[in-house]
Structure formats: structure tokens, C-alpha cells
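Okay, here's what each chain looks like letter by letter:
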Amino acid sequence: MSTGRDAGADRPEGPGRDAGADRPERAGRDESVEERADRRWSELIQEVRVAQTGVQILFGFLLTVVFTPRFADLDDADRAIYVTTVVLGAAATGALIGPVALHRLVAGRRVKPQAVALASRLTFVGLVLLLATMTAALLLVLRVVTHDPRMLWLVGIVVAWYVLCWFVWPLWIRRRHTTSRPPR
């Protein structure tokens, strides 16, 4: 498990530093705090691009549903599910676009490590909200299409699949393959 400290945080920064001086070799990257923040930012932005595209398409679709002729036929429960889905979609969109706004507002202020940490948290919140949005959207569609209460089981299975793919397997891999760093 990580100690929470950045790799290379204890070495002097700048072009004149000696990359391996007075330190035993260790696995992993040899990066300054700023280099690590730059790398993590690039990785995070690539991840956010994928999630943003999906949530924006879903949210855009949700916004058009209210203007379809069949929307007037929805019962109160389905309308409540729809409103909840739209609000969750808006919240997910905000959280997943948040890292871009954060970067734009703090660029050049020498706070990239802190910005990366906050952007990472926003992205995680966005993924949880996206999971809730997709769950509510799936529930609404299956209720309208089938009128079968057994569809709740199908929604549950799909949600379990999302949780497995998005959280359980990644956390299992992290736990299984992350080694503790020796204290410095």
C-alpha cells in the first residue's frame, strides 16, 4: 500500500539533481512531485474524457425524453424516476467536467499536486453519480417497456456488473498487486 507520499518527494528538484545519489535502488518511478503530478494529470484527463463522453450523451438523451409524445403517458412513479435520473445525470456531468474547470482556474498557480488530488476525487464522485444515473435510466426504460416488476432483478444484475467492473476488480487488483513501500 502507498504511504501517501509521492515517489521522489524527498529528493532535491531541478535540472542539476543526481537521480540516484545516496539512495538504494527501488522499484517504481523516479519522479519529482511535479513530474508525478504532471503524469497523473495526463492519465486522469484521459480517463475523464471517456467518462465525460458517455455521461454527456446519456444526459443529452435524457433531456430530450420530456419532449416526446409518450412522456405524457408516464405515471407518477415513472416521472419521479425520470426527474431523479435527470438530476443525477446533471450532477454526474458537473463532477466529470469539474476537473477541466479546476485545471483552467488553477493553471500556472503551482498547485498541480493538490489540483490532481481534488480532480481525482471529483472523478470518483462523477463515476458513482454516473452509476446511479445509469441505474435510474435503466430502471425507467425497463419499467416503461415491460411493466414487469421482475425487471428490478435485471437492473440489480446490471448494477452488480457495473460495481464489479468499476470498483471491485480494480480494488482487488490494487490490493493484490500493490506492495507496501518501505518507510523513508
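Each remark here, short or long, concerns the structure printed above.
Calculation rules
Residues numbered from 1 in each chain as written. Predicted model: local features only at pLDDT ≥ 70, side-chain atom pairs only at ≥ 80, totals over all residues. Heavy atoms only, no water. Helix = DSSP H or I, 4+ residues; strand = E, 2+ residues; numbered from the N terminus. Contact = heavy atoms within 4.5 Å. Areas by Shrake-Rupley, 256 points an atom, 1.4 Å probe, with all protein chains shown as cover. Phe/Tyr/Trp six-rings, centres within 6.5 Å; stacked < 30°, edge-to-face > 60°. Buried < 20%, exposed > 50% of the residue type's maximum accessible area, 1.4 Å probe, protein only.

Q: How should I be thinking about the overall build of the protein in this particular structure?
A: Within the protein, the secondary structure is distributed over 4 helices and 0 strands. Each helix and strand of the protein, ordered N terminal to C terminal, gives the series α-α-α-α. Restricting the contact set of the protein to residue pairs at least 6 apart, pairs at least 24 apart contribute 71%. Just so you have it, the protein exposes about 12,200 Å², and 64% of that area is on carbon and sulfur atoms.

Q: Where do I start with the packing of aromatic side chains in this structure?
A: Aromatic ring pairs are described here by two measures, namely the spacing of the ring centres and the angle between the planes. Scanning the model with the defined rule gives 5 aromatic pairs in all. Between F124 and F167, the aromatic rings sit 5.6 Å apart at their centres with planes inclined by 75°, giving edge-to-face as the arrangement. Here F124, found in helix 3 (residues 112-146), pairs with F167, found in helix 4 (residues 151-177); they are 43 residues apart in sequence, far enough to count as distant. Classification of F124 by relative accessible area gives partly exposed; the value is 46%. Exposure remark for F167: the relative accessible area of 14% places this residue in the buried category. With a centroid separation of 5.2 Å and an interplanar angle of 20°, the aromatic rings of Y162 and W166 are classed as stacked. Of the two residues, Y162 and W166 both sit in helix 4, 4 residues apart, roughly one turn of that helix. With a relative accessible area of 29%, W166 lands in the partly exposed category. One aromatic cluster is present, formed by F124, Y162, W166 and F167 through successive ring pairs.

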